[in-house]
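# Coordinate analysis (summary)
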Amino acid sequence: MSPQTPVDVTALIAAMTLEEKLSFVHGGDDPERLGQSGYLPGVPRLGIPPVRMTDGPAGVRMKRRTTTALPAPIALSCAFDDELAYRYGEFLGHEALAKRQDVLIGPMLNVLRQPYGGRNFELYGEDPLLVTAIGTAVVRGIQAQGVIAMPKHFAANNQEENRMAVDVRVDERTLRELELPAFAAVVAAGAGALMGATNSVNGDFSCQNRPLLTTLLREEWGFEGWVMSDWDAVHDTAAIERGLDQEMPDGKHLGEPLARAIAEGRIEEKVLDRSVARILGQLARFGRLDGAARPAVERDPERGRALALEVAQAGSVLLHNPRGVLPLSEQRLTGRGLAVIGHAAEVPKSAGVGSALVVPESSRTPLEVLRERLGADRVAYRVGEDPAGRPIPADALQPPFREGAVPAGPSTEPDYFYRGVLTVATPGRYRIAVTALGGYAAIDLEGHPRVFAGSSFGDTAGLTVDLEPGAYELVLSALPMPANPVHLTLGWVTPQQAEEDIAAAVEAARGAEAALVFVYDELAELIDRPALGLPGLQDTLVTEVARANPNTVVVLNTGSSVLMPWHDLVAGVLDVWYPGEMGAEATAALLFGDVNPSGKLTQSFPADADHHAVAGDPLRYPGADGRVEYREGILVGYRWHDRTGHRPRHPFGHGLSYTDFGYRDLELTADGRSLRVEFTVRNTGARAGREIAQVYLGASPEVGAEQAPRALAGYTTATLAPGESARVRVELPPRCFEYWDAGTRSWTVGPGRRTVQVGASSADLRLTAAVTVAATGEVRP
């Protein structure tokens, strides 16, 4: 972004009325309905234009209007490619400009602390070094296009469960080493704004937390941009005194109440001026106040589709391929063909649910692409499990209900629409589902948590529950959009129907050369997963299909780690995450070997629900009495597995290829307080491929505080033809050798003899050397 002509922000503020100043510190309604997630009216008489904001972690969200849907951030992170991340951000910025948006809310820089998180798909993984590198590259890319990036959620927003009220109790060292590095880095990189979190941190709401917003962010880091609240995350007008600058979505606290507080002398007007100056300062920096008309920018959907395909291919992870069934061979499938099973093959999840949801301009389904590739007669499709269900008969639901519409209206909370009694005659596992088109809906089944559907929550959602014979109250609530009615459809899947669907899938698999089972999860903003297994009866479906066909491959269309009780029964597992609008094409290319898989996990996949960093302790997660305690400290993800010895199903950094790579000739070279790590990677297999090589640094023997046995210190990639070698280099900066000393409240060198390990994952380390770190920070091999 080029430097802009200086603007006298102080003079602009002096010329404003109080009402005009207040319009900058809270959201309003966009008369053109172009601002998707926030709008400031500007001050036309002073040459200050309106400001429009939208969500943008995986595409420029336009609330059910089509846009380019890129793969989810978790997929991007699995490519371990900073340059690709920059281009991802650059495209987001370009698309935002084309859609007349000034601020892109994102990316999400919180660390993936626990596996249940409803927004884990929006994150860049469990390691702070990687989150920092990828997140900073995305921010730089966005802002290179002249769009203000607004990274979020500052800070410790690591769960959706009770997110509006939970108080996160976390020690300073854990914050400094895990949660804050990415935020510090984007501030240093010039991020124009930050979004605060909904949760509290150590007793103070994040959006009015003086230690975070003023002491740390402004005074220590020197942040010059503005801080906007998350939606409804402000609780007091005094938030503006403590470091917050802008309230969303309206002026409940920073509108008329702030005006009264200023009139009554409880808050000085110069505090308001300070926040307005921070906002105007960034608008000036990004050229919004120079009086020039913004140049027209055309969308480039073809470039977006090419980028979506590239990211989906680079970020997909081949988890399991013990017998080499993958890549599939079209020639081998000429006889009995291919069985394609699972709802996600016909209705894939291209994007996550919530404020990150983007509706692709166009996308194909895996089933379509596979039929085109092999011929429709060689592909047998069976749903396996129907998430929307069939109509509930009148003898099971009184009064009867199948579908209905609620007129458009101004409601802000779901209103009661239907109340009835569901009668269950046969015990077993049922799915009760609602589909909402045109607005939102909520389904409440007696004794079970509420589930939301519609708009940013996804059209269909449901409860999969074990029910005993009896009667259960069932309530549907609806929230139409201001200009649209909402249409609701209710359905269920009974144990008998589920059994019939699975039997049909098994029969198709038994008659095929190979079977592909596409499975999905239901990650969503506002709610965490109740369990780590696949929703519904998908685990049963995979198990039965695998028993019928030894060449069964599972495609995970998921946003986070899942348990895989069927893991050792299947011939392959490919995780494509939420792969964006080109996900079907990318999946087929990976399955058939047109592209060699190269992605690596940025989160550990636990072996079971009892062995991960927050398991077995409600205070760690989901919390108790409104409080969560980060008792695991810095031992998140692979660090916890390494410390406890509990092996995950698949470790951080894991990812297979259709070729093999060897490592040799590790060499360490000191450069003052930095270390250069060099080694050779060789493609020892028969296919060209890309290897992501990782460098881990061991603990200091002279530090008494808790340390991880090893931590990611750097990474690099090598794309090699069969038999080709490359000499690669990773630079370890001084911060790698430091830890946050709680006693001195400073970054402090961890001295002594420390190991440097290089390999293909956190659990597959091929080369080892040692380095001596002096108390001064000087490094000696």
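Residues numbered from 1 in each chain as written. Predicted model: local features only at pLDDT ≥ 70, side-chain atom pairs only at ≥ 80, totals over all residues. Heavy atoms only, no water.

## Comments concerning the overall build of the protein
Regarding its fold elements, the protein presents 18 helices and 38 strands. For the protein, the C-alpha radius of gyration of 27 Å lies close to 28 Å, the compact-globule estimate for 781 residues. Projected onto its principal axes, the C-alpha coordinates of the protein cover approximately 80 × 75 × 50 Å. Looking at the protein residue by residue over its 781 residues, the buried ones come to 62%. Intrachain contacts of the protein at a sequence separation of at least 6 include 76% that bridge at least 24 residues. For the protein, the accessible area works out to roughly 28,100 Å², and carbon and sulfur atoms hold 50% of it. Of note, the protein has its 75 positive side-chain charges centred 3 Å away from the centre of its 99 negative side-chain charges. (Helix = DSSP H or I, 4+ residues; strand = E, 2+ residues; numbered from the N terminus. Rg over C-alpha atoms; globule rule 2.2 N^0.38 Å. Buried < 20%, exposed > 50% of the residue type's maximum accessible area, 1.4 Å probe, protein only. Contact = heavy atoms within 4.5 Å. Areas by Shrake-Rupley, 256 points an atom, 1.4 Å probe, with all protein chains shown as cover. Lys, Arg positive; Asp, Glu negative; His and termini not counted. Charge placed at Lys NZ, Arg CZ, Asp CG, Glu CD.)

## What about the nonpolar core?
Residues Phe-24, Met-53, Leu-76, Phe-154, Trp-226, Leu-258 and Leu-280 are the most contacted members of the largest nonpolar core, which totals 104 residues. Setting aside residues up to four positions removed in sequence, Phe-24 forms contacts with Met-16, Leu-40, Gly-42, Val-43, Ile-48, Gln-246, Val-276, Ile-279 and Leu-280. (Core = buried A, V, L, I, M, F, W, Y, C linked by side-chain atoms within 4.5 Å.)

## A word on the environment of Val-451
Along the chain, Val-451 falls in strand E21 (residues 451-453). Between the C-alpha atom of Val-451 and that of Pro-565, which follows or precedes it by 114 residues, the distance is 26 Å. Contact partners of Val-451, with chain neighbours within four places excluded, come to Ala-441, Ala-442, Ile-443, Ala-461, Gly-462 and Leu-463.

## A few points about the environment of Thr-136
Secondary-structure assignment places Thr-136 in helix H5 (residues 128-144). Classification of Thr-136 by relative accessible area gives buried; the value is 10%. Note: C-alpha distance between Thr-136 and Glu-298 (162 residues apart in sequence) is 26 Å. Residues contacting Thr-136, with those up to four places away along its chain left out, are Val-131, Ala-185, Val-186 and Ala-189.

## Considerations on the sheet that holds strand E25 (residues 514-520)
Taken in spatial order, the six strands of this open sheet run E12-E27-E26-E25-E13-E15, and their pairing is mixed. Two strands in the sheet have a free side with no partner beyond their single neighbour: strand E12 (317-320) and strand E15 (379-382). Going across the sheet, the axis of each strand differs from the next one's by a mean of 20°, ignoring polarity. Strand direction decides the pairing type here: strand E26 (residues 552-557) and strand E27 (residues 572-575), joined by four bridges, are parallel. Its bridge partner being in E27, Val-553 is matched across the sheet by Gly-572. Running at roughly 160° to strand E13 (residues 338-341), helix H15 (residues 495-510) makes contact with E13, E15 and E25 of the sheet. (Pairing = 2+ DSSP bridges. Axes fitted to C-alpha atoms, helices over the stretch in contact; angles between N-to-C directions.)

## Details of the sheet that holds strand E7 (residues 193-195)
The strand order E7-E10-E11 describes an open sheet built from three strands, whose pairing is parallel. Each edge of the open sheet carries a strand with a single partner, namely E7 and strand E11 (246-248). Within this sheet the neighbouring strands show an average axis-to-axis angle of 20°, counted without direction. Alignment of E7 against strand E10 (residues 226-231), held across three bridges, turns out to be parallel.

## Some words on the packing of helix H12 (residues 301-315) against helix H17 (residues 583-591)
Remark: H12 packs on H17, axes separated minimally by 9 Å, with the N-to-C direction vectors making an angle of 40°. Overall, the two elements H12 and H17 adopt an arrangement that is oblique. Remark: the crossing between H12 and H17 carries right-handed chirality. Of the residues in H17, those touching H12 at Arg-305, Leu-309, Ala-312 and Gln-313 are Glu-585, Ala-586, Ala-589 and Leu-590. Taken together, the residues of the contact of H12 with H17 sort by class into five nonpolar, one polar and two charged. (Parallel < 35°, antiparallel > 145°, perpendicular 65-115°, else oblique. Left-handed = near helix turned anticlockwise from the far one by under 90°. Nonpolar A, V, L, I, M, F, W, Y, C, P; charged D, E, K, R; others polar.)

## Some remarks on the packing of helix H4 (residues 82-98) against H5
The interhelical angle for the contact between H4 and H5, taken along N-to-C directions, is 35°, at an axis separation of 6 Å. In this structure, H4 meets H5 at a crossing whose hand is right-handed. Across from Asp-82, Ala-85, Tyr-86, Tyr-88, Gly-89, Glu-90, Leu-92 and Gly-93 in H4, the residues of H5 making contact are Ala-133, Ile-134, Ala-137, Val-138, Arg-140, Gly-141, Ile-142 and Ala-144. By residue class, the composition of the contact of H4 with H5 is ten nonpolar, three polar and three charged.

## Thoughts on the pattern of salt bridges
Scanning the entire structure with this criterion turns up 58 salt bridges. Ionic pairing is found between Glu-172 and Arg-745, a salt bridge with its closest N-O pair at 2.7 Å. Pair noted here: Glu-172 is in helix H6 (residues 172-179) and Arg-745 is in the loop between strand E34 (738-741) and strand E35 (746-749), with a separation of 573 residues, a long-range link. Here Arg-664 and Asp-665 are joined by a salt bridge, their closest N and O atoms 3.2 Å apart. Residue Asp-665 is classed as partly exposed on the basis of its relative accessible area, which comes to 47%. Each member of the salt-bridge network shares a partner with another, and the members are Asp-55, Arg-61, Arg-119, Glu-122, Lys-152, Glu-160, Arg-163 and Glu-525. (Salt bridge = Lys/Arg side-chain N within 4 Å of Asp/Glu carboxyl O.)

## Thoughts on the pairing of strand E24 (residues 486-493)
The buried fraction of E24 amounts to seven of the eight residues, a majority that puts the element mostly inside the structure. As judged from the four bridges shared by strand E17 (residues 403-406) and E24, these two strands associate in the antiparallel manner. Among the inter-strand pairings, Gly-404 is bridged to a residue of E24, identified as Leu-488. Where strand E19 (residues 428-437) lies against E24, seven bridges are found, and the strand directions are antiparallel.

## Describing H12
Its 15 residues place the ends of H12 21 Å apart at the C-alpha level, agreeing with the 21 Å of an ideal helix rising 1.5 Å per residue. If you check which residues of H12 are buried, you get Gly-304, Arg-305, Leu-307, Ala-308, Val-311, Ala-312, Gln-313, Ala-314 and Gly-315. Residues of H12 that are buried in the fold lie against helix H3 (73-77), H4, E12, H17 and strand E31 (689-698). (Expected span 1.5 Å × (residues − 1).)

## A word on the packing of aromatic side chains
Following the criterion strictly, the structure yields 14 aromatic pairs and no others. For the ring pair Tyr-116 and Tyr-621, a centre distance of 5.2 Å and an interplane angle of 5° mean the geometry is stacked. Of this pair, Tyr-116 sits in the loop between strand E4 (103-108) and H5 while Tyr-621 sits in the loop between H17 and strand E28 (627-629), placing them 505 residues apart in sequence. Each member of the pair, Tyr-116 as well as Tyr-621, is classed as buried. Relative to Phe-183, the ring of Phe-154 lies with its centre 5.2 Å away and its plane at 65°, an arrangement referred to as edge-to-face. You can see Phe-154 sitting in the loop between strand E5 (148-152) and strand E6 (167-169) and its partner Phe-183 sitting in helix H7 (residues 181-188), a full 29 residues away along the chain. Residue class for Phe-183 comes out buried when judged on its relative accessible area of 0%. What links up through ring pairs into an aromatic cluster is the set Phe-80, Tyr-638, Phe-652, Tyr-696 and Tyr-715. If you follow Arg-113 out to its NZ or CZ, it ends over the ring of Tyr-630, 3.7 Å from the centre. Directly above the aromatic system of Trp-747 lies the positively charged group of Arg-735, at a separation of 4.1 Å from the ring centroid. (Phe/Tyr/Trp six-rings, centres within 6.5 Å; stacked < 30°, edge-to-face > 60°. Lys NZ or Arg CZ within 6 Å of the ring centre and 35° of its normal.)

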